[in-house]
Amino acid sequence: MDRIDFRSDTVGWPTPEMREAMATARVGDDVYGEDPTVNELEALAAEMLGKEAGLFVTSGTQGNLVALLGHARRGDEAILGYESHIFQWEVGGMASIGGILPHTLPTDAMGRMDPAAVDAAVRDTTDHHYGHSRLLLVENTFGGRGGVPLPAEYFSALRRIADKHSLAMHMDGARLFNAAVALGVEARELVADVDTVTFCLSKGLCAPVGSILCGPTEFIEEARRTRKSLGGGMRQAGILAAAGLVAMNSMIDRLADDHAHARLLAQQLAEIDGVNVKPKTVQTNIVFFELEGSKGISRERLCARLDKEYEIGLDTYPPNFLRAVTHYWVGEKEVGALVEAVAEIIRTGGGE
Ligand SMILES: *Cc1c(COP(=O)(O)O)cnc(C)c1O
C-alpha cells in the first residue's frame, strides 16, 4: 500500500489469503439457495453468534434496513440513540423506505441510552394519538462515541425494558467483533439479549464486501425476501463469501493489534502541542482527536495537507473531531508517519 489511509477500516484491501480463497471458491446461484460458500458462511456466522440463521447481505446498511423492515411496519416507532449510525449515517432509509419513525434519545459519553429514558419513551398503546413502539435499536461498538465496546450487562438492562413492552431488539454490530475482542468475551455473549444482529465483514475483518444479519430462522427467511426486494439477491456471491469465511476464521483475534495501534496513536498524538486527545478512552480501533490552539489550522486544512503532501488519508468527524481508524493495513510504522506529519503541519502553522 503506497498511500497510508486512516479514514476508515473500510479502505483496506482483501488479504492475499482472501484473494486466493475467492479465486477458488465453489459457487452456485444464491437466489436459488445453491451457493455452497454462501451457505457455509451464513451457517458459520449464525453458529458463532448463537443465533438460528444468518443472511449474507451487501452491506451493514442493507442488513440493518432489512432487519428494521422485518421488525416494524409503517407508522411504527423505533427507539434509538441520536448519535447512532442507523439514525445519522444510513440515509434515513428506515423512514424513506420503511415508513418507520425514529424516536431518538440522547446517549452518554459511551453511547448508552439511559434505560429509564427508554422505558419512558415507549408509547401508551391505549392512546390513539400514538404510533406503536415496536423496536429498540442498539449499536456495538458505538461508533459515534469513538468505537466504545459496550458490555453485555447494558443490553440485558435494555432487554428487561424491551420485554416489559414487547419490543423487539436489533443490534447494529458493524464492529461487533472489535467489541468482543476488546472486552475479552465471545461475540455471542454480547448478542444474547437481542433478537437480531448485523455485523460487517468489510471493516476491520478486511473482506472486500458484505455483512451478515443473524436471527431466528423464520425471521431470516422473511428477511431473504426483503433483501431480494431491495436488490440484494446476488447470484454467485460465493466469490465474496469466500473472503468472508477467511475473515471469520482468521481475522478476528488479530483485531487486538488494531486496538493496540489505536492506543499507540492516541498516546503519541497526546504528546503534540495543539492536539487534544484522551488516550484512556481509546478501547478499540477508533481515535477521535481535536485541534486546540494549533495556530488556527482548520481540520479540513490539516486533512488536505496530509493528503497532498504526505499521502496520508484522515477524515473529520462531527461536530469537531478528526477521526483515525486503524486496520490490517496500518501498523506501527504508519502510526509513526501520521503522528510525525500532524506534528510537522502544526509546527509549520498550516501553510495557508
Ligand atoms: C459502517 C457501519 C454501518 C454500515 O455498514 P456499511 O457496510 O458501510 O453499509 C452500520 N453501523 C455502523 C456502526 C457502522 O460503523
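Remember, it's a predicted structure, so these values are computed and weren't measured experimentally.

Conventions we followed
- Residues numbered from 1 in each chain as written.
- Predicted model: local features only at pLDDT ≥ 70, side-chain atom pairs only at ≥ 80, totals over all residues.
- Heavy atoms only, no water.
- Helix = DSSP H or I, 4+ residues; strand = E, 2+ residues; numbered from the N terminus.
- Expected span 1.5 Å × (residues − 1).
- Buried < 20%, exposed > 50% of the residue type's maximum accessible area, 1.4 Å probe, protein only.
- Arc of directions from axis to C-beta.
- Contact = heavy atoms within 4.5 Å.
- Axes fitted to C-alpha atoms, helices over the stretch in contact; angles between N-to-C directions.
- Left-handed = near helix turned anticlockwise from the far one by under 90°.
- Nonpolar A, V, L, I, M, F, W, Y, C, P; charged D, E, K, R; others polar.
- Salt bridge = Lys/Arg side-chain N within 4 Å of Asp/Glu carboxyl O.
- Disulfide = S-S within 2.5 Å.
- Near = heavy atom within 4 Å.
- Polar contact = N/O pair within 3.5 Å; in protein donor to acceptor, adjacent residues only side chain to side chain.
- Areas by Shrake-Rupley, 256 points an atom, 1.4 Å probe, with all protein chains shown as cover.
- Phe/Tyr/Trp six-rings, centres within 6.5 Å; stacked < 30°, edge-to-face > 60°.
- Lys, Arg positive; Asp, Glu negative; His and termini not counted.
- Pairing = 2+ DSSP bridges.

Caption draft 1: Structural view of helix α10 (residues 217–229). The end-to-end C-alpha separation of α10 is 19 Å, in line with the 18 Å expected for 13 residues at 1.5 Å each. Where α10 is concerned, the buried positions are Phe 219, Ile 220, Ala 223, Thr 226 and Arg 227. Taken end-on, α10 shows its buried residues confined to a sector of 110 degrees, consistent with a single buried face. Opposite the buried face of α10, by more than 90 degrees, sit the exposed residues Glu 218, Arg 225 and Ser 229. Looking at the buried side of α10, the elements it contacts are α2 (36–49), β2 (53–57), α3 (60–71), β7 (196–200) and β8 (211–215). Trailing α10 by a residue or two, Gly 231 shows a phi angle of about 85 degrees, which is positive.

Caption draft 2: A look at the packing of α3 against α10. Packing of α3 against α10 leaves a shortest axis separation of 9 Å and a crossing angle of 115 degrees. Where α3 crosses over α10, the handedness of that crossing is right-handed. Along the contact surface, α3 presents Gln 62, Val 66, Ala 67, Leu 69, Gly 70 and His 71, while α10 presents Phe 219, Ala 223, Thr 226 and Arg 227. Partitioned by chemical class, the residues of the contact of α3 with α10 number 5 nonpolar, 4 polar and 1 charged.

Caption draft 3: Region of the structure containing the pattern of salt bridges. For the structure on display, the rule yields 20 salt bridges. A salt bridge links Arg 175 to Asp 9, with the nearest nitrogen and oxygen atoms 2.7 Å apart. Of this pair, Arg 175 sits in the loop between β6 (168–172) and α8 (176–183) while Asp 9 sits in the loop between β1 (4–5) and α1 (16–23); the two residues are 166 residues apart in sequence, bridging distant segments of the chain. With a shortest N-O distance of 3.1 Å, Asp 163 and Arg 159 are connected by a salt bridge. Residue Asp 163 and its partner Arg 159 are both found in helix α7 (residues 152–164); the two are separated by 4 residues, about one turn of the helix. Salt bridges here are not isolated pairs; linked through shared partners, they connect Glu 42, Glu 221 and Arg 224.

Caption draft 4: Up close: the state of the cysteines. With the rule as written, the count across this model stands at 0 disulfides. Distance from the sulfur of Cys 200, which forms no disulfide, to the nearest cysteine sulfur (Cys 214) is 12 Å. The exposure class of Cys 214 is buried, given its relative accessible area of 0%.

Caption draft 5: A look at the site of the ligand. Lining the immediate environment of the ligand, one finds Ser 59, Gly 60, Thr 61, Asn 64, His 85, Glu 90, Glu 139, Asp 172, Ala 174, Arg 175, Cys 200 and Lys 203. Interatomic distance of 2.8 Å between a backbone N/O atom of Gly 60 and an oxygen atom of the ligand. A distance of 3.3 Å separates a nitrogen atom of the ligand from a polar side-chain atom of His 85. Considered on its own, the ligand offers 380 Å² of accessible surface; in the complex 84% of this is hidden by protein.

Caption draft 6: Structural view of the packing of aromatic side chains. For the coordinates displayed, the defined rule picks out 8 aromatic pairs. An angle of 65 degrees between the planes, with centres 5.1 Å apart, marks the rings of Tyr 154 and Phe 155 as edge-to-face. The pair Tyr 154 / Phe 155 is uniform in exposure class, with both members buried.

Caption draft 7: How the structure looks around unusual backbone geometry. The step from Asn 140 to Thr 141 runs through a cis peptide bond, and the omega angle for that step is -5 degrees. In this structure, the amide linkage connecting Pro 318 to the following residue, Pro 319, adopts the cis form with an omega of 0 degrees. Relative to the helices and strands, Pro 319 resides in the loop between β12 (315–317) and β13 (321–325). Unlike most non-glycine residues, Val 91 shows phi in positive territory, near 60 degrees. On the accessibility criterion, Val 91 (77% relative accessible area) is exposed.

Caption draft 8: Representation of the environment of Val 339. You can see Val 339 is positioned in helix α14 (residues 332–347). Val 339 has contacts with Leu 265, Gln 268, Leu 269 and Ile 272, leaving out every residue within four places of it along the chain.

Caption draft 9: Representation of the side chain of Lys 203. Its location among the elements puts Lys 203 in the loop between β7 and β8. Buried within the structure, Lys 203 lacks any salt-bridge partner; its nearest side chain of opposite charge belongs to Asp 9, at an N-O separation of 5.4 Å. Not counting residues within four places of it along the chain, the set of residues in contact with Lys 203 comprises Asp 9, Thr 10, Ala 174 and Arg 175.

Caption draft 10: Main features of the pairing of β6. β6 sits mainly inside the fold: 5 of its 5 residues count as buried. Neither face of β6 is open: one carries Ala 168, His 170 and Asp 172, the other Met 169 and Met 171, and all of them are buried. Where strand β5 (residues 133–139) and β6 come together, 5 bridges link them in parallel fashion. Residue pairing in the sheet places Glu 139 in a bridge with Asp 172 of β6. Of the pairings in the sheet, the one linking β6 to β7 comprises 3 bridges and is parallel in character. When the sheet's bridge partners are listed, Asp 172 is paired in β7 with Thr 198.

Fair warning: the whole summary comes from geometry, so function is off the table for now.
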